[in-house]
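# Breakdown of the fold
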Amino acid sequence: MNILFASSEVFPLIKTGGLADVSAGLPLALQKSGQDVRIVMPGYPQALARGGRLQTVAEFEQDFPGRLLQGRLPGSRLPVWFVDIPEYFQRAGGPYATAGGLDWPDNAERFAAFSRVVCRLAQNRLGLDWPVDIVHANDWQTGLVPALLSREKTRPASVFTIHNLAYQGLFPWETFNRLKLPQELWSVDGLEFHGRLSLLKGGLVFADQLTTVSPSYAKEIQTPQFGYGLEGLLRHRAKDLHGILNGVDYRQWNPARDPHLAANYSRTRPQGKRTNKQALQQCFGLPQNAHIALVGMVGRMVEQKGFDLVLHALPWLLQQPLQLVILGSGDKRLESELLAAGRRHPERIGVKIGYDEALAHLLEAGADIFLMPSRFEPCGLNQIYSQRYGTVPVVHRTGGLIDSVVDTTPETLAAGTATGFHFSPAEPEPLAQAMARAVEYYQQPEYWHRLVDAGMRADFSWQRSAAQYLALYETLRETAAKQPGQPNPQKR
Ligand code: ADP
């Protein structure tokens, strides 16, 4: 199958979160299983600089002058098409926001232009002679792709993946006119969401099939608590909505080969983990103590990730024999409160503000426990990485955290399936209780070893998830073949 995978971030070309990891791992696994996959992404300067030897494969004048450049995903033979529209993508700063953290004021224009180019590619209108079978779009930045394709007489089948329903690409209704979108798309059955333009709805309403990144999150987003007002639409589309747990790329996340560690180690040769613990304590200026439980956190400092719960739980946590190291950036108030907590307890808490890929790896390797108290979590990757690194996750019982961490109970411990600890609800006291439980197990090496071992054995490689996506693509292709020329194989 020819699969066009459209994403606004792809690791290691550019990354702000898990979407980038998925946008490399899934296409690579699909390619490995024999499919012809091409990634298409915006031509940000950082991405162009890392995309290998670039070749111009198409030019476009209409609406927004630009070019399509072809490069490769570093370290692979996977082709990447960069949509190089200088007016929209050649600027310093992040993919969605300025270096100061403010959303780019023309985000709607930027990602509408990107989506239009993706549609031209999907319709084989850029002279590349590559007929597309499946267009796989991701998150609001590519929501217009299924919407615009739905108006074509013939078109490839479309899949839209929700990586996080909290980000919806909402803009004032004036933007809809400014973008010169087809008038028919402005309705509550289209892109309108309570008087505003929702780019996410373009995907949710018009894609032939929807997926999200874990089975539990697929259920949760059909409820008012997690649905942001879109739960009705998602329930309506329930039979087309599939939860497929993300895989992880063990080439990037393997303690036996990870170049960012102080020492490499594996399940059968675990000694090096101690050296990483020392290095991590040193890096965060904490006393070097091999026996105290070292707890790590990495993530975007936003309300979703529950860093504030940790701040509120500190009085309880500090009564336990543990040290806490935190890496992240985001909300300025959270950043400064966490830094202040570190200053108040320099022997117990280390905080680093920033985005640091290498330190994130060392933290996974050096910590004994990984804390992930997300209020909601579509999939979450760090709790999966941490298992491979022999670092036991403590997680809020939600979304992908449910599907990837097995809570420790007498039964799961006896069965050898326990890999971590769940807590619920997402409040400071249950969080502190779960941490106390984890620390208690940590102090009993024979039990702890079972948790570590089960985690390190667990296999979340992409191949398994990719097989599920592939099965979905196959059913779509069969439906399309049965209904040739149908504008849209799905009824709605
Ligand atoms: P989300 O996509 O919501 O941010 P995920 O857990 O799915 O959360 O993915 C987060 C990814 O981003 C992980 O690979 C994690 O290691 C990485 N990450 C997040 N914050 C940082 C940071 N400050 N430094 C380095 N890596 C980070």
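It should be noted that the structure appears before, not after, this text.
Residues numbered from 1 in each chain as written. Predicted model: local features only at pLDDT ≥ 70, side-chain atom pairs only at ≥ 80, totals over all residues. Heavy atoms only, no water.

Glancing now at the site of the ligand. As a matter of local geometry, the ligand sits amid 20 residues, with Lys 15, Gly 18, Arg 300, Lys 305 and Gly 354 nearest to it. Arg 300 places a polar side-chain atom, nitrogen or oxygen, 2.7 Å from an oxygen atom of the ligand. At 3.0 Å from a nitrogen atom of the ligand is found a main-chain nitrogen or oxygen belonging to Asp 356. Protein coverage of the free-state accessible area of the ligand, which is 550 Å², stands at 94%. Mapped by element, the contributors of at least two residues to the shell around the ligand are helix H1 (18-32), strand E13 (293-301), strand E14 (322-330), helix H14 (357-366) and helix H15 (382-388). Tallying contributions element by element places E13 first for the shell around the ligand, with three residues. Across the shell around the ligand, the residue classes break down as seven nonpolar, seven polar and six charged. Both of domain 1 (2-247 + 463-478) and domain 2 (272-459) provide at least three residues apiece to the shell around the ligand. (Near = heavy atom within 4 Å. Polar contact = N/O pair within 3.5 Å; in protein donor to acceptor, adjacent residues only side chain to side chain. Areas by Shrake-Rupley, 256 points an atom, 1.4 Å probe, with all protein chains shown as cover. Helix = DSSP H or I, 4+ residues; strand = E, 2+ residues; numbered from the N terminus. Nonpolar A, V, L, I, M, F, W, Y, C, P; charged D, E, K, R; others polar. Domains from an automatic or database assignment.)

Attention now moves to empty space enclosed by the protein. Considering all chains together, one arrives at three cavities of 30 Å³ or more under this definition. In this structure, the largest cavity spans a volume of roughly 80 Å³. Together, Phe 11, Asp 21, Ala 24, Gly 25, Gly 247, Val 248, Asp 249, Gln 252, Trp 253, Leu 381, Tyr 385 and Trp 462 line the largest cavity. A total of three residues in the lining of the largest cavity trace back to one element, the largest contributor, which is H1. Its residues placed into classes, the lining of the largest cavity shows seven nonpolar, three polar and two charged. Considering only enclosed or pocket space, the second largest cavity measures out at about 40 Å³ in volume. Around the second largest cavity, the lining residues are Ile 14, Tyr 44, Pro 45, Gln 46, Phe 89, Arg 91, Gly 93, Gly 94, Pro 95, Trp 104 and Arg 110. Split by residue class, the lining of the second largest cavity holds six nonpolar, three polar and two charged. (1 Å grid on protein atoms, 1.4 Å probe; cavity = no way out; pocket = protein on both sides within 12 Å on 5 of 7 lines; lining within 4 Å. Points joined across faces, edges and corners; volume = space filled by probe spheres on them.)

Attention shifts here to helix H13 (residues 332-344). Taking 1.5 Å of rise per residue, the 13 residues of H13 would be expected to cover 18 Å, and the 18 Å separating its terminal C-alpha atoms lies within 8% of that figure. Of all the positions in H13, only Leu 334, Glu 335, Leu 338, Ala 341 and Gly 342 are classed as buried. For H13, the buried positions fall inside an angular range of 130 degrees around the axis, keeping them on one side. Set apart from the buried face of H13 by more than 90 degrees, the exposed residues are Lys 332, Arg 333, Arg 343 and Arg 344. (Expected span 1.5 Å × (residues − 1). Buried < 20%, exposed > 50% of the residue type's maximum accessible area, 1.4 Å probe, protein only. Arc of directions from axis to C-beta.)

Remember, this is a structural readout, not a statement about activity or role.
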